[in-house]
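# Observations on the model geometry
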Amino acid sequence: MRQANQTKYRGWLVATAILVGLVLVAAVIGSWLSGRDDARASGERIRQWVAVLSVGPDARSLYAAAADVGKVAGVYVFVDRWACYEGFPDGAKPSADEWFLGLAAPDRSTVDGIVAALGRAPIVEAEVDQGCALPPDTSPIGGIS
């Protein structure tokens, strides 16, 4: 009888050890897969068509124009830094200004349609890679300075 209890006890120990091992393996695999997704997301560039409409020395100088363009362009309008994009043709940056107002979409036809609806010619239009996030907004709440 005592040997039967010891055998059951050992069986439970082995089963528990196997179960814990499987849980640990699943956790390691899940962590690895999650880490791969995070690494890919943080290092991956966004490829899109961008039309640059105007430039400025800082983001704030372009906000009013962006609001006007946004009435037609909606979610496709943005303000960002030249340094965050690769793929514009050489000489595309028309001045020393580091910021631009642009339109962006995954496909050229969307950008071209918005440019046509605005009735203005872009400074430059190209398929580019966007590679950095905007800096944190340090402006006072409500945009009042």
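Residues numbered from 1 in each chain as written. Predicted model: local features only at pLDDT ≥ 70, side-chain atom pairs only at ≥ 80, totals over all residues. Heavy atoms only, no water.

Helix and strand counts for the protein come out as three helices and five strands. The helix and strand sequence of the protein, counted from the amino end, reads α-β-α-β-β-β-α-β. Taken across its 145 residues, the protein has 26% of its residues classed as buried. Within the protein, contacts between residues separated by at least 24 positions form 76% of all contacts whose residues are at least 6 apart in sequence. With the model as given, the accessible surface of the protein reaches about 9700 Å², and the carbon-plus-sulfur share is 61%. (Helix = DSSP H or I, 4+ residues; strand = E, 2+ residues; numbered from the N terminus. Buried < 20%, exposed > 50% of the residue type's maximum accessible area, 1.4 Å probe, protein only. Contact = heavy atoms within 4.5 Å. Areas by Shrake-Rupley, 256 points an atom, 1.4 Å probe, with all protein chains shown as cover.)

This paragraph deals with the packing of aromatic side chains. Here the structure, examined in full by the defined rule, presents seven aromatic pairs. Judged by centre distance (5.4 Å) and plane angle (65°), the ring pair of Tyr85 and Phe100 falls under edge-to-face. With Tyr85 in strand S3 (residues 85-86) and Phe100 in strand S4 (residues 99-105), this residue pair connects regions lying 15 residues apart in the sequence. For Tyr85, a relative accessible area of 8% gives the class buried. Among the aromatic residues, ring-to-ring pairing joins Phe78, Trp82, Tyr85, Phe88 and Phe100 into one connected group. (Phe/Tyr/Trp six-rings, centres within 6.5 Å; stacked < 30°, edge-to-face > 60°.)

For the rest of this paragraph, the subject is the confidence of the model for the protein. Atomic detail in the predicted coordinates should be set aside for any region of low pLDDT. Counting all residues, the mean pLDDT for the protein is 78, and 63% of those residues have values of 70 or more. The low-confidence segment residues 14-40, where pLDDT is below 50, has zero contacts with residues more than four positions distant or belonging to other chains. (pLDDT = per-residue confidence, 0-100.)

Pairing is antiparallel across the open sheet formed by five strands, whose spatial order is S2-S4-S1-S5-S3. Two strands lie at the open edges of the sheet, namely strand S2 (77-81) and S3, each paired on one side alone. Lying on the sheet, helix H3 (residues 108-118) is in contact with strand S1 (46-56), S4 and strand S5 (124-130); it crosses S4 at an angle near 120°. (Pairing = 2+ DSSP bridges. Axes fitted to C-alpha atoms, helices over the stretch in contact; angles between N-to-C directions.)

Okay, the nonpolar core next. The biggest cluster of nonpolar side chains holds 17 residues, and the ones touching the most others in it are Val69, Ala73, Val77, Val79, Leu101, Leu103 and Val111. Secondary structure elements with two or more residues in this core: S1, helix H2 (63-73), S2, S4 and H3. With four residues, S4 is the single largest residue contributor to this core. Setting aside chain neighbours within four positions, we find Val77 in contact with Ala66, Val69, Gly70, Leu101, Gly102 and Leu103. Grouped together as the second largest cluster of nonpolar side chains are 13 residues, Val52, Ala92, Ala104 and Val124 included. (Core = buried A, V, L, I, M, F, W, Y, C linked by side-chain atoms within 4.5 Å.)

Quick look at the environment of Gln48 now. Within the secondary structure layout, Gln48 lies in strand S1. Taking the C-alpha atoms as reference, Gln48 lies 9.8 Å from Leu103; in sequence the two are 55 residues apart. Filtering out sequence-adjacent residues up to four positions away, Gln48 remains in contact with Tyr85, Ala104, Ala105, Ala126, Glu127, Val128 and Gln130.

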